[in-house]
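# Overview (structure and organization)
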Amino acid sequence: MCAEMASTNSEQGGNCNTVGNGTVRQQLSKLLKESLNTTVPDESNLEPLIAICTAKFGDYQCNNAMSIWSRIKGRSTDFKNPNSVGQAIMRNLPQSDMIERSSVAGPGFVNLVLSNSWIAERIRHMLLDGIGTWAPVLPIERAVVDFSSPNIAKEMHVGHLRSTIIGDCLSRMFEFSKVHVLRRNHVGDWGTQFGMLIQYLFEEFPNWEEVGEQAIGDLQAFYKASKQKFDEDAAFKERAQQAVVRLQGGEEKYHKAWQQICDISRKEFDQVYKRLKVQLEEKGESFYNPYIPSVLQMLYEKGLIVESDGAKVIQIEGQNIPLIVVKRDGGFNYASTDMTALWYRLNEEKAQWIIYVTDVGQSLHFEMFFSAAKRAGWLPTNNDLPYPKARHVGFGLVLGSDGKRFRTRSSEVVRLVDLLDEAKNRSKQELIARGWEDEWTAEELENAAEAIGYGAVKYADLKNNRLTNYTFNFDQMLDVRGNTAVYLLYAHARICSIIRKSGKDMEELKKTESIHLNHESERQLGLHLIQFSEIVEDACTELLPNTLCEYLYNLSENFTKFYSTCKVVGSEEETSRLLLCEATAIVMRECFKLLGITPLYKL
């Protein structure tokens, strides 16, 4: 927050009338970097510390003075205290049309007020050249986002829903920022459970090849039945274990049965992905299986793998247990697959940032295998080399109204397709109750119900800090009031309605008219709009989608305040204010796109 007692003021302004490239913060950083170099030329590696202000004395604040003073006090210097350092930073700011005025407060906080005309011009440029010009520039070009990753033959549960929604949002934000994203679905399609499933298929349906998918039917029921027999019948268990060996040995019959089980599972997964409009490329555990021996051989040669109680392990500093990469029976496990996948992503896919979106319960596993990768020299061990890097994006539980894990009354895992369909159906009934069935075509009604229902589920998840648990509640997430997708979708539709009712050609206005920020509410809205780029940058850097949700909700609130205090249609400032409406709608739509939500254009 800005310091509240301004002690010195300076009017700014220059001949350079340009909006420049990069986020607002990046452009201010360039100006302040020059000022810092002039102010303390003997201090190297000084990076401007810039924050958005929430108080009335500035839009942004430079907070370098105190840290500079702690470096230089006691030396021969003209500076007497942090405030005098701040004064010098302010005086040495290069002339720029970007800054209207500056002031120093307290222990050297430099408060900066942006020029109204510069804010207006930045918005006008976006309207002319597109929202893509506001994409932040990130320090990477290629990233892997590993998300969703359900297990073949098992039902996708709400944990997979969180991973899918969060991973898709992160991918969309990186893609908007011009990063090439490899969206990876690391499905569990290999392992001992397939011996159980294949052997059960062979014994229950000897003619399984002729019957096809009908033999398996409901995959969940099929899995439960085979698991029950595996647990209760020792002879069957032994035959199932042999089936695993034959599958991994490459026998055609076993591979064909495995493929059929995987295909049925994929069809069920795709029902969820289609509803959520999520794109993924599957590279499951089986994809990396052929690479495991050579990757483990590399680790052997580096001296990382040692014998321990019959298993082969990598010792991890600071941990009481090692990372097991080969089990006692000679089989591979999650760690061997994950180490191999990381090697592949770094060396074959050339990713600079590998992001894993799973629940926080897997934090220790990721911490250990990242440590092993550092020991192998795959990842940097210090901050001097920030890339490549790997990051576990953990998330909390989805809870029911009873505060426990979200399940059905019979303690079964909730089917995600059923959950999403209920959200859509509730939205549709609400739209019908509001009379829209008479106003819209059947297709429009279906599309609106999907946009609201699926959007409500996504936003209810993304608006929370991902590390926290959240309670799944249809009534709350479908509420038209408060911080919900429904409220925000309706707000966007209202803005579109204002523009339509004006009867003006917005494309023509963009080319011929300008924006004026004379009213405080106009300025507040304009300032919030141009901060969109750095908000996306922060959300990408911190891997926190709720940052974008908070921005979107505050944008809606700022627009409401603007519209309640500034008449638009029929006012003397109509064209300028219509352009502000258009800019708000464009930024809201981009926020929706990054969150994976489909906007509504009419109510």
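For the structure itself, look to the data block above.
So, here's what we can say about the structure. Quick caveat, the model's predicted, so the values are computed rather than measured. (Residues numbered from 1 in each chain as written. Predicted model: local features only at pLDDT ≥ 70, side-chain atom pairs only at ≥ 80, totals over all residues. Heavy atoms only, no water.)

## Notes on the packing of helix α15 (residues 416-433) against helix α17 (residues 442-462)
For any two helices packed against each other, the geometry is given by the interaxial angle and the distance between the axes. Quick reminder of the rule: Where helices are involved, their axes are fitted lines through C-alpha atoms of the stretch in contact, as for all axes, and angles between N-to-C directions lie from 0 to 180°. Here a strand is any run of E in DSSP of at least two residues, a helix any run of H or I of at least four, and the numbering for each starts at the N terminus. Roughly parallel here means an angle under 35 degrees, roughly antiparallel means over 145, roughly perpendicular means 65 to 115, and every remaining angle is called oblique. Definitions for this section: a left-handed crossing has its near helix turned counterclockwise from the far helix by less than a right angle. A right-handed crossing has that turn clockwise. By definition in these notes, contact holds between two residues if any of their heavy atoms fall within 4.5 Å.
Look at α15 against α17: their axes get within 8 Å of each other, and the N-to-C directions meet at 125 degrees. Classed by the angle they form, the pair α15 and α17 counts as oblique. Viewed along their axes, α15 and α17 form a crossing whose handedness is right-handed. Judged by residue contacts, Leu 420, Asp 421, Ala 423, Lys 424, Ser 427, Lys 428, Leu 431 and Ile 432 of α15 engage Leu 445, Glu 446, Ala 448, Ala 449, Glu 450, Ile 452, Gly 453, Tyr 454 and Val 457 from α17.

## Considering the nonpolar core
Side chains of a nonpolar character, in soluble globular proteins, are inclined to be buried together. For clarity, the threshold we go by: Definition used in this section: a nonpolar core is a set of buried Ala, Val, Leu, Ile, Met, Phe, Trp, Tyr and Cys residues joined via side-chain atoms within 4.5 Å. Classification of residues uses two cut-offs on accessible area relative to the type maximum, computed with a 1.4 Å probe and protein chains only: under 20% is buried, over 50% is exposed, and between them is partly exposed.
Of all hydrophobic cores here, the largest spans 165 residues; its most connected members are Leu 114, Ile 123, Phe 174, Phe 532 and Val 587. Element by element, the count of residues in this core is highest for helix α24 (residues 574-595), at 13 residues. The contacts of Val 587, once residues within four sequence positions are left out, are Met 126, Ile 131, Trp 134, Leu 529, Phe 532, Tyr 551 and Leu 555. Grouped together as the second largest cluster of nonpolar side chains are 34 residues, Leu 304, Ala 341, Trp 343 and Tyr 356 included.

## Here we look at empty space enclosed by the protein
Unoccupied space between atoms shows up once a probe the size of one water molecule is rolled over them. Short version of the rule: Grid points spaced at 1 Å over the protein atoms alone were grouped into cavities, where a 1.4 Å probe fits but cannot get out, and pockets, open sets with protein on both sides within 12 Å along at least five of seven lines, with lining residues defined by an atom within 4 Å of a point. Grid points are joined across faces, edges and corners, and a volume is the space filled by probe spheres set on the points. Residues are grouped as follows: nonpolar covers Ala, Val, Leu, Ile, Met, Phe, Trp, Tyr, Cys and Pro; charged covers Asp, Glu, Lys and Arg; every other residue, Gly included, is treated as polar.
According to the stated counting rule, one finds one cavity of 30 Å³ or more in the structure shown. In this structure, the largest cavity spans a volume of roughly 70 Å³. Every residue lining the largest cavity is listed: Lys 154, Glu 155, Met 156, Glu 268, Phe 269, Val 272, Arg 415, Leu 416 and Val 417. Only α10 (252-276) and α15 provide two or more residues apiece to the lining of the largest cavity. Top contributing element to the lining of the largest cavity by residue count: α10, with three residues. A class-by-class count of the residues in the lining of the largest cavity yields five nonpolar, no polar and four charged.

## A closer look at the packing of aromatic side chains
Inclusion rule: Two rings from Phe, Tyr or Trp (for Trp, the six-membered ring) form a pair when their centres are within 6.5 Å of each other. A pair whose planes differ by under 30 degrees is stacked, one over 60 is edge-to-face, and the rest are tilted.
Under the counting rule described, the total for this entry stands at 25 aromatic pairs. Measuring from ring centre to ring centre gives 5.8 Å for Phe 366 and Phe 370, while their planes differ by 50 degrees; the resulting arrangement is tilted. Within this pair, Phe 366 and its partner Phe 370 are both found in helix α14 (residues 363-375), separated by four residues, close to a single helical turn. Note on accessibility: Phe 366 and Phe 370 belong to one class, buried. Ring centres of Phe 559 and Tyr 563 lie 6.0 Å apart, and the angle between their planes is 10 degrees; on these two criteria the pair is classed as stacked.

Such coordinate-based values are descriptive only and should not be taken to indicate function.
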